[in-house]
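The chain contents come next:
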Amino acid sequence: MKILSVENLSRSFGGIKANNDISFEVAEGTILGVIGPNGAGKSTLFDLITGYTKTDNGKVSFFNKDISGLSPDKISSLGIGRTFQKLKPFADQTLLENVMIGSFVKEDNIKKARDKALEIIDFVDLIEKRHHFARELSTGQRKRLEMARAMAIEPKLLLMDEVTGGVDQKTIPGLVELIKKLKKSGVTIITIEHNINIIMEISDNILALDQGKRIAYGTPKEIQKNEEVIDSYLGTVDAT
Amino acid sequence: MDKLLIAKSEPLWNTDKRIISLIGSLIVLLFALPHFGLNSFYLHLMIMIFMHAVMAQSWNVIAGFSGQISLGHGAFFGIGAYATSFLYVQYGISPWIGIFVGMIISGIAAVLIGIPMLRLSGHYFAIATLLIGISFQIIFQRWEWVGAASGVWVPMTSGDSLLALQFHSSKMPYYYIFLVFFIITFFLVWLLSRSKLGYRLRAVRDDPQAALSLCINVSNYKIIAYVISAMIMAPMGSLFAQYILIIDPDRVFNIEISIIVLLITVLGGIGNVWGPIVGAAILIPISEYSRIYLGGTGGAVDLILYGLILMLICIFRPEGLISFFPKNILERKKQR
């Protein structure tokens, strides 16, 4: 069953077409990887789906319900969680408080909200850091914080923007495991990734963007063979 | 798994018995204080500390909890003052009812101001509220129905009257009334800070974008904070009007009110429930004594002092004086 369908989504900033006529679908319980060079429009796509940026054209449907034009808080209430490329933890609050703000969405009782937050913090393997202020955590830990916070709203769909970006190599395997664990728990995931090995490993399908346009969509194997993707993106991997 | 169980078994709040008994004995001490032969001046000083602590707590809710810097909070103080005095003088309505009317009018005013203004971000909201605070003063200076510039004179009752909230023989009843309001406000704001609403307001303060991703309607929550804040401020205006019995726009809509609540909160510790109390307990005596020793009308010396204190705090203790207290005593946050 499809959980999300994006039809002919477009958005321009000035003269630049950040997203140009993008369409795709995501099946429930799968991971969709989004790849593309810098400036391809990946983060804009996330902002359009989650309501942070208004669309010029096109439609976003969540469980066949049109959600285009809704505000971000309404969209998140429907069950779409997200993390941010530029991390946005509540810096002056503890890890536990950060996650509790998320768990309050489904739970009014403060003790239950706290316990649920603790379970999620345990799930992302940060239980010992629960009383640390978010600003004291490392980048990798803050990425986990954002994932935990987004999970706390019990999303059906989770959009993750560069989970492994900006963290040291040692931290990456743990984050990858976490994404797999999340999928197992039944959450559908769309993830933006620059690390091509990771995206090939975890994704069921991959959407490749370049200069705001969809250049390919398919399974990891299909994408690896796609000439346009190789030209615009995969071909540059060795150079970087 | 063990670690999770340990974490779950932790108490939700700081339940340190020493702190609870310290607060308890402080409250008992405050209730007993007037019986230790405090003269009129000291009673007045304590009343001003209670009043300003509540006013600063009001500002703390909007600025400290939800992150919106209001520079026109004096407006709600003035509304409270006028509501009780005007209703009593014109219609003979007890100031006790007037207090609630003032709270409701302030709340409504906060919604009406908040809906357009809270869409403005950061500095623009601060500037807009500054202008709103000043325009309230100008409107009341010209509004004949409420006495224009000469204000409202509350007729004195022949003796002490609890119903009319007037006490002429001693300041002690005022002391207790302000004290009760102070304790109630403190307790309610403490509850607020630990409630779901409190958590959500801090989310709005720390990162509105992230708050949106957690189903929080940022605009609505800012308005809720503004309304709560206004409704805490108004009763202090009402009680102050009953305390001095003569109000006019220059006094109750004075910009100094909007500034001093900011100073007290920043001095004590913004965003911290205890901050306004510490700030008021330090700044109000400085203000009162500087008025006594450095100039009859207060002049500008106390203002210079305020400026100096604020500069020193911003440079050396941006978290306010409350940060001198060990964190794990007042807050349950622990840095391990």
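Placed above this text is the structure.
Residues numbered from 1 in each chain as written. Chains lettered and ligands numbered in written order. Predicted model: local features only at pLDDT ≥ 70, side-chain atom pairs only at ≥ 80, totals over all residues.

Concerning the environment of Ile277 of chain B
Residues and elements named next belong to chain B. Take Ile277: it is sitting in helix H13 (residues 275-294). Along the primary structure Ile277 and Leu321 are separated by 44 residues, whereas in three dimensions their C-alpha atoms are 11 Å apart. Dropping the residues within four chain positions of it, Ile277 is found in contact with Ala53, Phe186 and Gly268. (Helix = DSSP H or I, 4+ residues; strand = E, 2+ residues; numbered from the N terminus. Contact = placed C-beta atoms within 7 Å.)

Topic: helix H4 (residues 110-123) of chain A
Helix length check: H4 of chain A (14 residues) gives 20 Å between terminal C-alpha atoms against 20 Å at 1.5 Å per residue, within 8%. Among the residues of H4 of chain A, Ala113, Arg114, Lys116, Ala117, Leu118, Ile120 and Ile121 of chain A are the ones counted as buried. Buried residues along H4 of chain A sit against helix H3 (95-103) and helix H5 (139-152) of chain A together with helix H1 (2-9) of chain B. Where H4 of chain A terminates, the next one or two residues include Asp125 of chain A, which has phi positive at roughly 65°. (Expected span 1.5 Å × (residues − 1). Buried ≥ 20, exposed ≤ 12 C-beta atoms within 10 Å, placed from the backbone.)

What about the interface of chain A and chain B?
Listed by partner, the interface residues are 36 residues for chain A and 24 residues for chain B. Counting residues per element, the ones that place at least two in the side of chain A that touches chain B are helix H2 (72-78), strand S6 (80-82), H3, H4 and H5 of chain A. Here the side of chain A that touches chain B gets seven residues from one element, more than from any other, and that element is H4 of chain A. Of the residues belonging to the side of chain A that touches chain B, the class tally is 13 nonpolar, nine polar and 14 charged. (Nonpolar A, V, L, I, M, F, W, Y, C, P; charged D, E, K, R; others polar.)

A few points about the packing of helix H4 (residues 74-91) of chain B against helix H6 (residues 122-142) of chain B
Residue and element names in this part refer to chain B. Running from amino to carboxyl end, H4 crosses H6 at an angle of 30°, the nearest separation of the two axes being 8 Å. Relative to H6, the element H4 lies roughly parallel. Where H4 approaches H6, its residues Gly74, Ala75 and Gly78 are matched on the opposing element by Ile132, Gly133, Phe136 and Phe140. Residues of the contact of H4 with H6, tallied by class, amount to four nonpolar, three polar and no charged. (Axes fitted to C-alpha atoms, helices over the stretch in contact; angles between N-to-C directions. Parallel < 35°, antiparallel > 145°, perpendicular 65-115°, else oblique.)

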